[in-house]
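A closer look at the structure
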Amino acid sequence: MTQRLTTPPAPLAGDAGLTFFSTWRLGTPERQRATVAAIARAWESREWPHEGLLSYSVYEGLDGQTLMHHSQWRDEQAYQDFFARGRDERNAEIDAAVPGIERVGLTKTSRYRSVGPGAGVPTGFTTVEADLAGADLDRRREWADASLAAHAGVPGLVAAHAHLSTDGTRGLTYAQWTREAGGAVADGTAKRYRFAFGVGPTA
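Residues numbered from 1 in each chain as written. Predicted model: local features only at pLDDT ≥ 70, side-chain atom pairs only at ≥ 80, totals over all residues. Heavy atoms only, no water.

**Overview of the environment of Val104**
On the secondary structure map, Val104 appears in strand S5 (residues 102-115). A relative accessible area of 43% means that Val104 is categorised as partly exposed. Spatially, the C-alpha atoms of Val104 and Arg25 are 6.9 Å apart, while their sequence positions differ by 79 residues. In contact with Val104, other than residues within four places in its own chain, are Thr23 and Arg25. (Helix = DSSP H or I, 4+ residues; strand = E, 2+ residues; numbered from the N terminus. Buried < 20%, exposed > 50% of the residue type's maximum accessible area, 1.4 Å probe, protein only. Contact = heavy atoms within 4.5 Å.)

**Here's the deal with the environment of Asp81**
Mapped onto the fold, Asp81 is located in helix H2 (residues 76-97). Residue classification places Asp81 among the partly exposed residues on the basis of a relative accessible area of 26%. C-alpha of Asp81 to C-alpha of Thr169: the two residues are 88 residues apart in sequence and 24 Å apart in space.

**Quick word on the nonpolar core**
Core analysis: the biggest nonpolar cluster contains 24 residues, and Ile39, Trp43, Val58, Trp73, Ile94 and Phe197 have the highest contact counts within it. Where this core is concerned, the elements lending two or more residues are strand S2 (18-25), helix H1 (29-44), strand S3 (53-61), strand S4 (66-73), H2 and strand S9 (191-201). Of all the elements, H1 adds the most residues to this core, at six residues. When sequence neighbours within four positions are dropped, the list of residues in contact with Val58 reads Val36, Ile39, Leu67, Met68, His69, Phe195, Ala196 and Phe197. Judged by nonpolar contacts, the second largest core, of 15 residues, contains Leu148, Ala162, Leu164 and Trp177. (Core = buried A, V, L, I, M, F, W, Y, C linked by side-chain atoms within 4.5 Å.)

As C-alpha cells, then:
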C-alpha cells in the first residue's frame, strides 16, 4: 500500500542504495501547484509500485517555476523494474492534467557522507550541484568534503548530505534547514525548495 508522508524521509542509512534527483520546469506558480496535485493523485490512487522503492518526495522550488523529485531506491534493478512496470502510466496521467511539463534531467547518485544532525525540524531545503566530469574519485570526494564544510556550522542547518553521481560526472549536496530560506549557504548557486508531497510504502 501507499501512504502519504507528512515530513521528508531521512536519507538512506549507510552507503547502501541509490538516491535519484530530477527537476521538472513548470513556468508558473499555478502550474507548479497543479502539478503537485496531479502527482499526488497519480501516486495515491495506486498501490506502492515496487518493494525496492523506499520513498518518493517532491519539493517546490521557491522560484515558483520548478519541482525537484527525490527518490530513494534499494538498487538500480529496482528502478529499472519500476520504469518497466508503471512509471510511464503515472507520467501520462500527470501530463494529461498539466500539459507541457519540461523534464530537465535525472541524476542517479550514491550518498557519500553527511554532516549533522542539528536541532530542529527541517522546513527549508537546498541543493548545490557541480559538474565533475573528468575528475577522478579523489577529486570528486574533495568537492563533496568542501561542500559539506561550507554547510557545517551555518545557522539553521539540520543536516547536509553529499551525493556523487553513479556515472562519475556530477556532485550534489542536499541540505535540510530549520527555515525556508535555507540558510546562508556559502555557494551562491544553491537552489531553494519547500517540501510539497511525499509517499512511502506502508509498514
